[in-house]
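# Examining the three-dimensional arrangement
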Amino acid sequence: MKKMTLCLFLLSYAFSHSQNEIKKHYAFDANYFYGTIMEHSPNLAHLITGHPTGVILSLNQKTYGLEAWERRYNYPDFGYSFTYQDMKNQFLGETYALYAHFNFYFLKRNLMFRIGQGLAYNTNPYHPDDNFINNAFGSSVMSSTYLMANYHRQNIYKGFGLQAGVSLIHYSNADMTSPNNSANTFTFNLGLNYLLEHENIPEFIPKDPKEKNYTEPVHYNFALRSGINTTGIIGSKQYPFLTLTAFADKVINKKSTLQAGTEFFLSKAMEEFIYYQSVAFPSGKTGGDEDAKRVGVFVGHQLTFNKLSLITQVGFYAYYPYDDYVERIYNRLGLRRKISENWWASATVRSHAANAEAVEFTLGYRL
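Being a predicted model, the structure only gives us computed values, none of them experimental. (Residues numbered from 1 in each chain as written. Predicted model: local features only at pLDDT ≥ 70, side-chain atom pairs only at ≥ 80, totals over all residues. Heavy atoms only, no water.)

### Description of the overall build of the protein chain
If you tally the helices and strands in the protein chain, you get three helices and 16 strands. Relative to the 2.2 N^0.38 estimate, which gives 21 Å for 367 residues, the radius of gyration of the protein chain is 22 Å and therefore close to what a compact globule would have. A principal-axis box enclosing the C-alpha atoms of the protein chain has dimensions of 75 × 55 × 30 Å. Across the 367 residues in the protein chain, those meeting the buried criterion constitute 50%. Partitioning the intrachain contacts of the protein chain with sequence separation of at least 6 by distance along the chain shows that 62% fall at a separation of at least 24. Accessible area for the protein chain stands at about 17,300 Å²; split by element, carbon and sulfur atoms hold 63% of it. Placing the 33 positive and 30 negative side-chain charges of the protein chain at their respective mean positions leaves the two points 10 Å apart. (Helix = DSSP H or I, 4+ residues; strand = E, 2+ residues; numbered from the N terminus. Rg over C-alpha atoms; globule rule 2.2 N^0.38 Å. Buried < 20%, exposed > 50% of the residue type's maximum accessible area, 1.4 Å probe, protein only. Contact = heavy atoms within 4.5 Å. Areas by Shrake-Rupley, 256 points an atom, 1.4 Å probe, with all protein chains shown as cover. Lys, Arg positive; Asp, Glu negative; His and termini not counted. Charge placed at Lys NZ, Arg CZ, Asp CG, Glu CD.)

### Structural notes on the sheet that holds strand E9 (residues 219–229)
The strands making up a sheet associate through hydrogen bonds between their backbones, and the pairing can be parallel or antiparallel. If you walk around this closed barrel you meet the eight strands as E9-E10-E11-E12-E13-E14-E15-E16, and the pairing is antiparallel. Within this sheet the neighbouring strands show an average axis-to-axis angle of 25 degrees, counted without direction. Relative to strand E11 (residues 256–267), strand E10 (residues 239–251) runs antiparallel, the two being bridged by 11 bridges. Bridging across to E11, Ala246 finds its partner in Thr262. Packing against the sheet, helix H3 (residues 268–280) makes contact with E9, E10, E11 and strand E12 (294–304), and its axis sits at approximately 45 degrees to E11. (Pairing = 2+ DSSP bridges. Axes fitted to C-alpha atoms, helices over the stretch in contact; angles between N-to-C directions.)

### Describing the packing of aromatic side chains
The description of two aromatic rings rests on the distance between their centres and on the angle between their planes. Scanning the entire structure with this criterion turns up 23 aromatic pairs. Residues Phe160 and Tyr194 carry aromatic rings whose centres are separated by 4.7 Å and whose planes lie at 45 degrees to one another, so their mutual orientation is tilted. Here Tyr194 lies in strand E8 (residues 183–195) and Phe160 lies in strand E7 (residues 160–172), a separation of 34 residues in the sequence. Look at Phe186 and Phe188: their rings are 5.5 Å apart centre to centre, the planes differ by 85 degrees, and that puts the pair in the edge-to-face class. Grouping aromatic residues by their ring pairs yields a cluster made of Trp69, Tyr73, Phe78, Phe102, Phe104 and Phe305. The aromatic ring of Tyr105 is capped on one face by Arg109, whose charged end is 4.1 Å from the ring centroid. Lying across the ring of Trp344, Arg336 places its NZ or CZ 4.0 Å from the centre. (Phe/Tyr/Trp six-rings, centres within 6.5 Å; stacked < 30°, edge-to-face > 60°. Lys NZ or Arg CZ within 6 Å of the ring centre and 35° of its normal.)

### Quick notes on the environment of Ser178
On the secondary structure map, Ser178 appears in the loop between E7 and E8. By relative accessible area, which is 11% here, Ser178 ends up buried. For the pair Ser178 and Gln238, spaced 60 residues apart in sequence, the C-alpha to C-alpha distance is 9.3 Å. Setting aside its immediate chain neighbours within four residues, Ser178 contacts Tyr126, Gly138, Thr230, Gly232, Ile233, Ile234 and Gly235. A polar side-chain atom of Ser178 sits 2.8 Å from a polar atom in the side chain of Thr230. (Polar contact = N/O pair within 3.5 Å; in protein donor to acceptor, adjacent residues only side chain to side chain.)

### Describing the environment of Gly35
Looking at where Gly35 falls in the secondary structure, it is placed in strand E1 (residues 26–37). Once the C-alpha coordinates of Gly35 and Leu59 are considered, the two residues, 24 residues apart in sequence, prove to be 23 Å apart. Residue contacts for Gly35: discarding those within four places in its chain leaves His51, Pro52, Phe186 and Thr187.

### Quick look at the nonpolar core
Counting residues in hydrophobic clusters, the biggest one holds 20 residues, and the most contacted among them are Met87, Leu92, Phe137 and Tyr171. Among the secondary structure elements, those contributing two or more residues to this core are E1, strand E4 (94–106), strand E5 (111–122), strand E6 (141–157) and E7. Ignoring anything within four residues of it in the chain, the contact list for Leu92 reads Ile37, Leu47, Met87, Asn122, Asn124, Asn134, Ala136 and Phe137. Membership of the second largest hydrophobic core comes to 17 residues, among which are Ala223, Phe265, Met270 and Phe273. (Core = buried A, V, L, I, M, F, W, Y, C linked by side-chain atoms within 4.5 Å.)

### Notes on the sheet that holds E6
Ordered by their spatial adjacency, eight strands build a closed barrel running E1-E2-E3-E4-E5-E6-E7-E8, and the pairing between neighbours is antiparallel. Adjacent strand axes in the sheet meet at a mean angle of 25 degrees when their direction is disregarded. Strand direction decides the pairing type here: E5 and E6, joined by 11 bridges, are antiparallel. The residue of E6 that forms the bridge with Leu119 is Ser143.

Structure, rendered in C-alpha cells:
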C-alpha cells in the first residue's frame, strides 16, 4: 500500500473530467483524528512515544452515472485531500500532505471507503548530526497513502452530515533516500460533511441491467521501467535501475484484466550493496563478484475505471543468485494511465513485504 507519485495520474484523471461542460456537484468534509503509530518494525519502537493527532480536509466531486464506469462502481467521488499530523514525537516532527483520492460507497451508501495518494512534507527528517534518532524519514518530501473507512451520512440537515470511522496513514520515500523505515498511523476519526447545492441534487442515472458481458482476446505488453533508489544503507547515494518487462493480459470484463509475465532486473544499487558487504564484512559470505541481475515471474490484476487503472501484482525472483539483498517474493502496487490505443504509462512501487525497494516509472506498449 505505499507509495508514490501515483497522484500525478489521479490528477490527470481529474483534469480530464474538468474539461466536461456538464454541471458538477461538490461536497466538503473535515475530520479530526486521534491514533497511534503502528510498530511494524522494532527499529521504530523508540519513536512511538505518544498518540498522533491531526485533521483531514477534503473536496469531493460527486458522480451521478453520466459515464458508464461511474454506474459500474456505484457512483464514486473523486477529489483532493489535505492532512496535518502531529506525530507526538520531537524527532518525528509534523507532517503536511496533499492527496488525490477516490471515495467508494457500500451498504446503501452508508459506508464510504476512501483511498488517497499524494506527497507529504515532514518538518524534522533524519540528519546525521542534528536528528540521527529519526530513522523513519530520510527526507522531508515523501510519498503518502491513506485509507479511510467511515460510516457516512450526507445531508442530514440543510446539506450538513456526519461521518465517523478509522483511517490508516502511511508515509514513505520508497527507498529513494535512506533511512526509510517509514511510518503507519492507525487513527479514529470523527467529522462533518457538507453538500453544496443540496437543494438541487440530481438523481442517479440507473445502472443498465442489460449491460453485455465484455471480454477481449489475449494481448501482449512490453514495458520499460526505471527510476532511482538507494542500497538501503544510511548515507547511500542514489543509483539508477532498469527493468525490462513482457507480459500477457486477458480482459475478462469491463472492470478486470488478468496478467502474467516475466521481467529482467538491472540494479546499480544492488551492485553497490554487494560491493559494500564484501568490503565492510571481509570475513562474511559476500565475495564481491556475485551476480546482481534478477529474473522475475509475476501474476497480476488490473482494475479499470476509465483510462485509469489500479495495478496489483505478485512476483517471484526465479533467478536470484545473491539472495541477501531483499526477499525473493515481491509485490507491485500503483496506477496505470492509458495514453492511446496502444501506449500506456504507470507509476508503481515494488516492495518486499513492508520493505519498499523502488518507485518505478513505466512506459508500456500493448499489442
